[in-house]
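Architecture at a glance
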Amino acid sequence: MNKLYLWNILFGVVLALAACAAPAGPSVAPPDTPAPVAASPTPLPATPAPSPTATTMAPSVTPVPATASDDEIIAYELRAAFDFFWEQANTDPASPGYGLIRDRYPGSAGIASIASVGFGLTALIVGVERGFITRAQGYERALGTLQTLERMALVEGFYYHFVDIQTGQRAWQSEVSSIDTAILLMGVLAAGQYFGDEAQTLATTIYERVDWPWFLDPDRQMFYMAFTPEKGFSGHWDFYAEQLMLYVLAAGSPTHPVDETPYYTFIRHKGRYGTGEPFIHSWFGSLFTYQFSHAWIDFRGLVDRQGVDWHQNSVAASRAHYDFAVAMDAKYTTIGPTAWGLTACDGPNGYEGRYGAPPSGYDNRSHFIDDTVPPAGAIGSIIFTPEESLQAMRYYYTLERLKGRYGFFDAFNLSRDWYATDVIGIDKGISLLMLANYQDGLIHRVMMAHPVIQTGLARLGFTPAK
């Protein structure tokens, strides 16, 4: 059990008997701290060095144990995460950037990320189905966003990673990103499939103009990670990570398809934690890499030509993260059975893309740990490890400094007495979509009915497991 958790329970009883109020919300953020850039064989998801990270170093507020049910805690984070995508979008209908969504809040004002837009388009489905907005409101936002995307500057159908939220123009000299374009396109296809009509027509246009072979290294038969006009292509998807969606989208294209070769070319290195089940792992062991593609594509019951079951692979990876946290409970103040799931997020020294757990790299030395835990780690694995994820959510809900306008803040570190005061779009996004899938399979039902997804999976050789 987390070291503070038992004390929190006892302390909460005393407060309840004394009829005391809950602690106040998070304190005001001090000046921003630039995040370090880490060289890696896989790209950092979404937030680069220029993005600020707000931190607080005030004395800890002792959390009060929650009396909410699991359903209430899920509803809290679900609605708050949706509100981020709904409220932190450009809603000026006269703006060239209408519908673009901030990369993070309150940091990086004026900067949108296309990955955040992809999650946000999908979030509209959740908003309608859960009654947060009307279908007419959702359709209007989706259609306007797709119209913006249709006229934005492109490179062979691919998008720049970061753009100005008002103009839609490239920001920070950012790269054209294959994976962030893929995340965007998942949201584009999801919105088109769900809302139909002109939204579906625009979604099809945006998707079908992507020239997938252009982003492929013909010699290595691997997708590049990035392209910039100044330097050309860089990086390869040569190791397993969050890029499964990339292969499905490319294989499913009726206009510029790529066959199954790149999918079966990347390195599939197996490892395990302790005596746990071996699984194909990512370089840093960051938990998001086992989650992102699964937010839209339901791999349950499917195996590829090599017999790989990616859903079960993510179950094993999530279990390894939990088992690692349990084993580290005595060593760290934050990490433990109620605070687990190490993944790229804000930390006391800025955004850190190397947060992860073993197995990592080839020798388990590639991941980085400083006792920082992001709520999105465990929440994003709720379809893989439901009981362990809910256990973590119950604990996070007791931490008042971890809760804000848009649900749980990005991360916390009790060893450093640090709580993030930003939320990040991709972390809110994976939390929102996975919670919706956990409740009733909402996003999976929409996406698995899409012809592109079905065609892509078939061309890659996926079949029902025997």
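This report concerns the structure included in the present document.

Conventions we followed
Residues numbered from 1 in each chain as written. Predicted model: local features only at pLDDT ≥ 70, side-chain atom pairs only at ≥ 80, totals over all residues. Heavy atoms only, no water. Helix = DSSP H or I, 4+ residues; strand = E, 2+ residues; numbered from the N terminus. Buried < 20%, exposed > 50% of the residue type's maximum accessible area, 1.4 Å probe, protein only. Phe/Tyr/Trp six-rings, centres within 6.5 Å; stacked < 30°, edge-to-face > 60°. Core = buried A, V, L, I, M, F, W, Y, C linked by side-chain atoms within 4.5 Å. Contact = heavy atoms within 4.5 Å. Arc of directions from axis to C-beta.

Here we come to the overall build of the protein chain. Across its full length, the protein chain holds 14 helices and 21 strands. For the protein chain, with 466 residues in total, the buried portion stands at 63%.

Before going further, it helps to spend a moment on the packing of aromatic side chains. All chains considered together, the criterion is met by 44 aromatic pairs. Note on Trp214 and Phe215: the rings are 5.3 Å apart at their centroids and 85° apart in plane angle, and the pair reads as edge-to-face. Judged by relative accessible area, which is 0%, Phe215 ranks as buried. When the ring of Tyr247 is compared with that of Phe266, the centres are 5.6 Å apart and the planes differ by 10°; the resulting orientation is stacked. One end of the pair, Tyr247, is in helix α7 (residues 244-252); the other, Phe266, is in the loop between α7 and β11 (270-271), with 19 residues separating them in the sequence.

Counting 144 residues, the largest nonpolar core has Leu149, Trp212 and Trp296 as its most contacted members. Ignoring anything within four residues of it in the chain, the contact list for Leu149 reads Leu100, Val117, Leu121, Tyr159, Leu184, Val188, Ile206 and Arg209. Of all hydrophobic cores here, the second largest spans 5 residues; its members include Cys345, Tyr355, Ala411 and Trp418.

With that settled, the discussion passes to helix α14 (residues 451-459). A turn of α-helix holds 3.6 residues, and therefore any two residues three or four places apart point the same way. Buried within α14 are the following residues: Val452, Ile453, Gly456 and Leu457. Each buried residue of α14 lies within a common arc of 125° when the element is viewed along its axis, so the set occupies one face. Where the residues of α14 are buried, they touch α5 (178-195), α6 (197-208), α7, β13 (302-303) and α13 (442-447). Positioned one or two residues after α14, Gly461 has a phi angle of 95°, which is positive.

What follows covers unusual backbone geometry. In this chain, Tyr105 is followed by Pro106 through a cis amide linkage whose omega measures 0°. Relative to the helices and strands, Pro106 resides in the loop between β4 (104-105) and β5 (111-113). Following Pro358, the chain continues into Pro359 via a peptide bond in cis, with omega recorded as 5°. Here Pro359 is to be found in the loop between β15 (350-352) and α10 (375-379). Even without glycine at this site, Gln221 takes up a positive phi of about 55°. Summarising the element assignment, Gln221 is placed in the loop between β8 (216-217) and β9 (222-228). Take Gln221: its relative accessible area is 23%, and that puts it in the partly exposed class. If you check the backbone angles, Asp371 has positive phi at about 80° while not being a glycine. Residue position: Asp371 is located in the loop between β15 and α10. Note on Asp371: relative accessible area 0%, which makes it buried.

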